[in-house]
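# Topology and contacts: notes
This is what each chain is made of:
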Amino acid sequence: MWNRFVLTLAAVGLVSTAAAAGQAPQAAPKPPANEDCLACHGDADAKRADGRTIAVDAKRFEGSTHGPMACVDCHADLAKLTEFPHPDTLAKVACASCHDDIGSKYRDSIHAWAKEKAGLNVAPSCTDCHGRHDIAKKTDPASRVARPNIPTTCGRCHEGIKQKYDAGIHAIALKRGDSRAPVCADCHTAHSIQRADTDAWRLSVTAECGSCHIESARTFLDTFHGQVTALGYTRVAACADCHGAHDIFPKSDARSTVSPARLVTTCGRCHAGASASFVQYDPHANRTDKALNSTLYYAAKFMNLLLLGVFGFFGLHTVLWLSRGLKARSEARR
Amino acid sequence: MTLYRRFDAFDRWLHVALMVSFIGLGVTGLPLLFSQSGWASVLAHALGGFHIAGLLHRTSALVLIAVFAAHLARVGKRLVVDRDFGVLWGPSSMTPQPRDVIDLINHVKWFLGRGPRPRFDRYTYWEKFDYMAVFWGMGIIGGSGLMLWFPTVFARVLPGWVFNVASLIHGEEALLAVGFIFTIHFFNTHMRPEKFPMDPVIFTGRVSEEELREERPDEYERLRAGGRLEQLAVGPAPAWVLPAARVVAAVVLAIGFVVVAIIVVTLVTPIVLTLVAPIP
């Protein structure tokens, strides 16, 4: 009851100020300053008629990355307002009016599609990940979108994935403070998030794995699976098809899909009839590594010599023949 | 102008099938070998995608295996039924013989202007090399190709890492075969000054008396002395054969040169780039 009373008082005060301003000779209406807004919203107990809180923590707002801005910079429809209290329903804040590049990325993402086209209300917009009046830069360790906090932020909705991720080697590395450990946004991007079953996304994500696992990516691209993937086809295995996506474990861990015990099952998902012998195929073979497979190493050396020998010999043979043949022909003409 | 038969219809059509299947294999296989080049992806998509390209590759492989089997059957028939052991050794055999080494040495001497041109017989040493290369290639590429086609079957007797080796030599040997046929074979048979721009004998099967005497004097003399030259005299090829052969040869030579140019540019570009701007 007391709150209502305060609100009403404040509103009356504002209205009378505005009325007084209205009497001044044709001065443009001044947009409300932050203090004007905080006169009502600064009260931690301030509520709307329907009981929802309308409180804004002034301290936290001033400490946020938007702290120096005016309330009406975002709540633009209130800039010309002279009558207070303002209506309950305001125009939606358009973050993209400043962050237009990010806005256009978001609009093409699966999150925007879900929210705006499919009408899925739980799909996130800017505020669900970044907050509202307490937005912090991702460089601020307390920010919801600081690297170490991203899995928690995404996990608020994607709870099942978060559980898998938390068990995996990448989350363990992240918790250990390894800044290279991938978080959700590294593979899925922050704003241009796509369905994970599209070809375009599946083809692009291997490069993301390869940004740390450089040698594995190189040897992958040098073998059949990688060659077909590089041509732009998802029919054959790429990183996640064998190693998993969110709950990746080292090969030595029994839970890993590529652990010796599970390899036959993993390969068998595509190669019906895969056996213990079959899975000795190395999808990351390296022809330059003698220790890894000496037969492959020497086979590569032999093939190099064979190609050099044949092309060297017959190349020379051809050049000599060509010059002699041309000479013989011009002699015959004379 | 008297014409003599060099290749009969069976061998001519076998060569057409060999040529078509070889190009089919090369064009559908190269994108995989050069998968990280932009053109490889374009070609793979133009062929109807990775799946269709694979089907075409294996279909061509079956045709080539059939060609090889047909030839072996024919050689077998000559040995077993006709009792013609000249297939194995002698002037009309494809088997490399001491004479071929001498011919090679004398040919190189002629290249260098240090001797007369060797007198060749029915098959020259470079023709025998082309021929034997098919046997080597069929064994190496065909064998490794079958392994990679049916890996789970072969894995019953072979350890999986053999497929890594099979994969490597399949690609490298294919590069050798494609590179050799589209440069050395094309030069030796078609592009060399004596034959430029093409030698239609593999399509018409016929050589003129003058050509036989000039190119293969030992064969000419041998056949004449044996009284067998006249048995080989034939009328001219049907009117459509030569124009068709020219069109086919032009298309195949063009495909070959484009493929070789693409391979060379792909292999040389990174080397040039490292020389021009060394990676820091």
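### Re the overall build of chain B
Each helix and strand in chain B was counted, giving eleven helices and three strands. Secondary structure elements of chain B, listed N to C terminal, follow the sequence β-α-α-α-α-α-α-α-α-β-α-α-β-α. By principal-axis analysis of the C-alpha atoms, chain B measures approximately 65 × 50 × 40 Å. Considering chain B as a whole, with its 280 residues, one finds that 29% of them fall into the buried category. A separation of at least 24 residues holds for 72% of the contacts in chain B among residues at least 6 apart in sequence.

### Some remarks on the overall build of chain A
The helix and strand tally for chain A stands at 17 helices and zero strands. Over its C-alpha atoms chain A spans a radius of gyration of 33 Å, topping by over 25% the 20 Å that the globule rule assigns to 334 residues. Referenced to the eigenvectors of the C-alpha coordinate spread, the extents of chain A come out at roughly 110 × 70 × 35 Å. The long-range share in chain A, meaning contacts at least 24 apart out of those at least 6 apart in sequence, stands at 48%.

### Things to note about the nonpolar core
Ranked by size, the top nonpolar core spans 34 residues in total, and within it Phe278 and Val279 of chain A together with Val165, Ala177 and Val178 of chain B carry the most contacts. Within the residue set of this core, elements represented by two or more residues are α16 (263–268) and α17 (294–333) of chain A together with α1 (9–33), α3 (50–80), α5 (125–149) and α7 (161–191) of chain B. It is α7 of chain B that provides the largest number of residues to this core, a total of 16 residues. In contact with Val178 of chain B, not counting residues within four places along its chain, are Gly26 and Val259 of chain B. Counting residues in hydrophobic clusters, the runner-up holds eleven residues, among them Phe224 and Val228 of chain A together with Phe34 and Ala53 of chain B.

### Brief notes about the environment of Asp100 of chain B
Residue and element names in this part refer to chain B. Within the secondary structure layout, Asp100 lies in helix α4 (residues 98–111). Put simply, Asp100 and Asp121 are 21 residues apart on the chain and 10.0 Å apart in space, counted from C-alpha to C-alpha. If near-sequence neighbours (up to four positions away) are discounted, Asp100 is found in contact with Tyr125 and Lys128.

### What about the interface of chain B and chain A?
In this assembly, 37 residues from chain B lie in contact with 41 residues from chain A. Mapped by element, the contributors of at least two residues to the side of chain B that touches chain A are α1, α2 (38–46), α3, α4, α6 (151–154) and α7 of chain B. Ranked by residues supplied to the side of chain B that touches chain A, first place goes to α7 of chain B with 15 residues.

### A closer look at the environment of Lys59 of chain A
All names here are of chain A. In this fold, Lys59 is placed in helix α3 (residues 58–63). Here Lys59 falls in the exposed class, since 11 other C-beta atoms lie within 10 Å of it. A C-alpha to C-alpha distance of 9.4 Å links Lys59 and Asp134, two positions 75 residues apart in sequence.

### Regarding the packing of α5 of chain B against α7 of chain B
Any two packed helices are characterised by how steeply their axes cross, that is the angle between the axes, and by the distance between the axes. All names here are of chain B. In the contact formed by α5 and α7, the axes pass within 9 Å of each other and the chain directions differ by 155°. In terms of axis orientation, α5 runs roughly antiparallel to α7. As α5 packs across α7, the resulting crossing turns out to be left-handed. Each of Trp126, Asp130, Ala133, Gly137, Ile140, Ile141, Ser144, Gly145, Met147 and Leu148 in α5 lies in contact with α7, whose residues at this interface are Phe163, Ala166, Ser167, Ile169, His170, Glu173, Ala174, Ala177, Phe180, His185 and Asn188. Classifying every residue of the contact of α5 with α7 by side-chain character gives twelve nonpolar, seven polar and two charged.

### Considerations on the domain arrangement of chain A
Residue and element names in this part refer to chain A. In terms of domains, chain A is made up of domain 1 (2–94), domain 2 (103–280) and domain 3 (290–334). Averaged C-alpha coordinates put domain 1 and domain 2 at centres separated by 43 Å. Its residues assigned to classes, the side of domain 1 that touches domain 2 shows two nonpolar, three polar and two charged.

### Looking at the packing of α1 of chain B against helix α11 (residues 241–276) of chain B
Residue and element names in this part refer to chain B. It is at 12 Å that the axes of α1 and α11 come closest, and there the two elements cross at 25°. Here α1 is positioned roughly parallel relative to α11, judged by the angle of their axes. You can see that α1 and α11 cross each other, and the crossing is left-handed. Residues Met19, Ile23, Gly26 and Leu30 of α1 touch α11, and the partners they reach there are Val252, Ile255 and Val259. Split by residue class, the contact of α1 with α11 holds six nonpolar, one polar and no charged.

### Brief notes about the confidence of the model for chain B
Taken over all residues, the pLDDT of chain B has a mean of 94, while the share at 70 or more is 99%. Our summary of model confidence lists the complex with pTM equal to 0.85 and ipTM equal to 0.93.

### A closer look at the confidence of the model for chain A
On average, chain A scores 89 in pLDDT, and the residues at 70 or more come to 92%. Within the model, the stretch residues 5–22 of chain A combines pLDDT values under 50 with 16 contacts to residues more than four positions away or in other chains.

### Re the sheet that holds strand β1 (residues 3–5) of chain B
All names here are of chain B. Taken in spatial order, the three strands of this open sheet run β2-β1-β3, and their pairing is antiparallel. On the outer flanks of this sheet lie β2 (206–208) and β3 (233–234), each paired with one strand and no other. Alignment of β1 against β3, held across two bridges, turns out to be antiparallel. Across the sheet, residue Leu3 finds its bridge partner in β3, namely Val234.

### Some remarks on the environment of Ser37 of chain B
Residues and elements named next belong to chain B. By the element assignment, Ser37 lies in the loop between α1 and α2. Classification of Ser37 as buried rests on a count of 20 C-beta atoms within 10 Å. Here the alpha-carbon distance between Ser37 and Ile181, two residues 144 residues apart in the chain, equals 23 Å.

### Section: unusual backbone geometry
Residues and elements named next belong to chain B. Of the consecutive residues Phe196 and Pro197, the connecting peptide bond is found in the cis state with omega at 0°. Among the structural elements, Pro197 can be located in the loop between α7 and α8 (201–204). Here Arg83, not a glycine, exhibits a phi torsion of approximately 55°, which is positive. With respect to the helices and strands, Arg83 occurs in the loop between α3 and α4. We classify Arg83 as exposed; it has 7 C-beta atoms within 10 Å.

Reading guide: rules and limits
- Residues numbered from 1 in each chain as written.
- Chains lettered and ligands numbered in written order.
- Predicted model: local features only at pLDDT ≥ 70, side-chain atom pairs only at ≥ 80, totals over all residues.
- Helix = DSSP H or I, 4+ residues; strand = E, 2+ residues; numbered from the N terminus.
- Buried ≥ 20, exposed ≤ 12 C-beta atoms within 10 Å, placed from the backbone.
- Contact = placed C-beta atoms within 7 Å.
- Rg over C-alpha atoms; globule rule 2.2 N^0.38 Å.
- Core = buried A, V, L, I, M, F, W, Y, C linked by C-beta atoms within 7 Å.
- Axes fitted to C-alpha atoms, helices over the stretch in contact; angles between N-to-C directions.
- Parallel < 35°, antiparallel > 145°, perpendicular 65-115°, else oblique.
- Left-handed = near helix turned anticlockwise from the far one by under 90°.
- Nonpolar A, V, L, I, M, F, W, Y, C, P; charged D, E, K, R; others polar.
- Domains from an automatic or database assignment.
- pLDDT = per-residue confidence, 0-100.
- Pairing = 2+ DSSP bridges.

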